[in-house]
Amino acid sequence: MSAATTRSRTPRTPDRLCVEAVELARAAAEEAAFPGVVGAHVSAVAEGDRVVTHFFESKEPGYRGWRWAVTVTRASRAKNVTLDETVLLPGDDALLAPEWVPWSERLRPGDMGPGDLLPTDAEDLRLEPGWSGEDTPPPNSVVSTEMAELVEAEDADVTDRAVVPVRGSITSVAEELGMRRARVLSRYGLHTAADRWDESFGAKTPMAQAAPASCVSCGFLVAIGGSLGQAFGVCANEFSPADGRLVSLSYGCGGHSEAAVMPAPLRPSPPVLDSMASDEFTLRPTPDSGSVPVSESDLPAADLGHS
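These numbers come from a predicted model, not from an experiment.

Enquirer: Would you take a moment to explain the packing of aromatic side chains for this structure?
Expert: For any pair of aromatic rings, geometry is given as the distance between the ring centres together with the angle between the planes. This structure, assessed with the given rule, holds three aromatic pairs. With a centroid separation of 5.7 Å and 85° between ring planes, the pair formed by Trp197 and Phe232 is classed as edge-to-face. One end of the pair, Trp197, is in helix α6 (residues 187–200); the other, Phe232, is in strand β8 (residues 232–235), and 35 residues separate them in sequence. Lying across the ring of Phe55, Arg67 places its NZ or CZ 4.3 Å from the centre.

Next up, the structure:
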């Protein structure tokens, strides 16, 4: 282990001759680095008896916050300071690469693309053995010996060799219900899936907090079967942000079926003046109307035959 990284927990008094060997340390750093990337002297730290590390600023592009560390030392009762090692070390605010994480832990939902295969571990906590109708797993099961031999081939063609069950048997009923599988979701798998779905479309989301009502009373909710149907359903409202998604029954949005019921059209009161009906007006008073009798001189002239 280098002297620059093995500092004592108790403070030491730096050796005077080693502290004064700044130019020796700079020359060593400039020899190890590219020209012009060694900056000003930052500090000198005692690493042990007559062992001092000099730190210089690093102007290397891409190494922000890093420092050149040059360790010098001298023998007991000697006045000649010698070089121990030169190394580039990160500082407190150095730009560092993230810690390496295995691919199985780096994988996130949505990372798989067309053609990608994600094998599941035989001891995956999200799955548990299902009912297959026989003691041995089917040939295409990940826990079968035959499948383990096939996957070693580069282009193994995996096919379903399961025998078609007789109609009306327990095996056929189990297959219809989706139970005839090598493994099914365990309670842990169900709980983790429910927590993940509730985080995206659950009661604690901002959309649900501002919704007028929850999905349990919405007409656009499509019910699902199984135990998860007690807490989730599928949204079928094309205007909802959760259209086609699995939503919690406590989720809600502004597209609730009963959120904006159209009011009944208003019926206006009858008009005082009816402008739509036609009124009859007589050209001359009738004899029984009680008006002044019309004399013969007031009658119009006979028709002269004008066209």
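Enquirer: How do you make sense of the sheet that holds strand β7 (residues 221–223) when you look at a structure like this?
Expert: Strand pairing in a sheet relies on backbone hydrogen bonds. The paired strands run either parallel or antiparallel. Taken in spatial order, the three strands of this open sheet run β7-β8-β9, and their pairing is antiparallel. Among the strands making up the open sheet, the edge pair consists of β7 and β9 (246–248). The sheet shows a mean angle of 50° between the axes of neighbouring strands, taken without regard to direction. Where β7 meets β8, three bridges bridge the pair, whose relative direction is antiparallel. Within β8, the residue paired with Ala223 across the bridge is Gly233.

Enquirer: Whenever I open this one, α6 confuses me. Can you help?
Expert: Structural remark: α-helix, 3.6 residues per turn; residues separated by three or four positions point the same way. In this model α6 runs 20 Å from its N-terminal to its C-terminal C-alpha over 14 residues, within 8% of the 20 Å that 1.5 Å per residue would give. All of the buried residues along α6 are Gly189, Ala193 and Ala194. What you see down the axis of α6 is that its buried residues fit within an arc of 130°, all on one side. For α6, exposure combined with an orientation more than 90 degrees from the buried face picks out Arg187, Asp195 and Glu199. Looking at the buried residues of α6, the elements they touch are β6 (183–185) and β8.

Enquirer: What is the right way to look at the pattern of salt bridges in this model?
Expert: In a structure, side chains of opposite charge can pair up when their charged atoms sit close to one another. Summed over the entire model, instances satisfying the criterion amount to two salt bridges. Asp15 serves as the salt-bridge partner of Arg74, at 2.9 Å between the closest nitrogen and oxygen. Highlighted residues: Arg74 in the loop between β3 (66–73) and β4 (82–90) and Asp15 in the segment before α1 (16–20), separated in sequence by 59 residues. In this structure Arg74 comes out as buried when scored by relative accessible area, which is 17%. For Asp15, a relative accessible area of 13% gives the class buried. A salt bridge links Arg16 to Glu20; the shortest N-O distance between them is 3.3 Å. Placement of the pair is Arg16 and Glu20 together in helix α1, with a separation of four residues, close to one helical turn. With respect to burial, Arg16 and Glu20 carry one shared label: exposed.

What counts, and at which threshold
Starting afresh in each chain, residues are numbered from 1 along the sequence in its written order. With pLDDT at 70 or above as the cut-off, local features in this predicted model cover only qualifying residues; side-chain atom pairs require 80 or more to be listed or tallied, and sums for whole chains, interfaces and linings still use all residues. For the side-chain quantities, the full set of heavy atoms in the structure was used; hydrogens and water were omitted. Any Phe, Tyr or Trp ring, taking Trp's six-membered ring, that has another such ring centre within 6.5 Å forms a pair; planes under 30 degrees apart are called stacked, those over 60 apart edge-to-face, and the others tilted. Runs of E in the DSSP output that reach at least two residues are strands. Runs of H or I that reach at least four are helices, and both are numbered from the N terminus. Note on criteria: charge over ring means Lys NZ or Arg CZ within 6 Å of the ring centre, with the direction from the centre no more than 35 degrees off the ring normal. Note on pairing: DSSP must find at least two bridges between two strands before they are called paired. Structural elements are reduced to axes, namely lines fitted to C-alpha atoms, with helices fitted over the stretch in contact, and the angle between N-to-C directions of any two is expressed from 0 to 180 degrees. Between the first and last residue of a helix there are one fewer steps than residues, each counted as 1.5 Å, and that sum is the expected span. For every residue, the accessible area (1.4 Å probe, protein chains only) is compared with the maximum for its type, and the residue is labelled buried under 20%, exposed over 50%, or partly exposed between those bounds. Of all possible arcs, the one meant is that of the directions from the helix axis to the C-beta atoms. Only heavy atoms enter the contact rule, under which two residues are in contact if any of them lie within 4.5 Å. When a carboxyl oxygen of Asp or Glu lies within 4 Å of a side-chain nitrogen of Lys or Arg, that pair is called a salt bridge.

These figures come from the coordinates and say nothing about function on their own.
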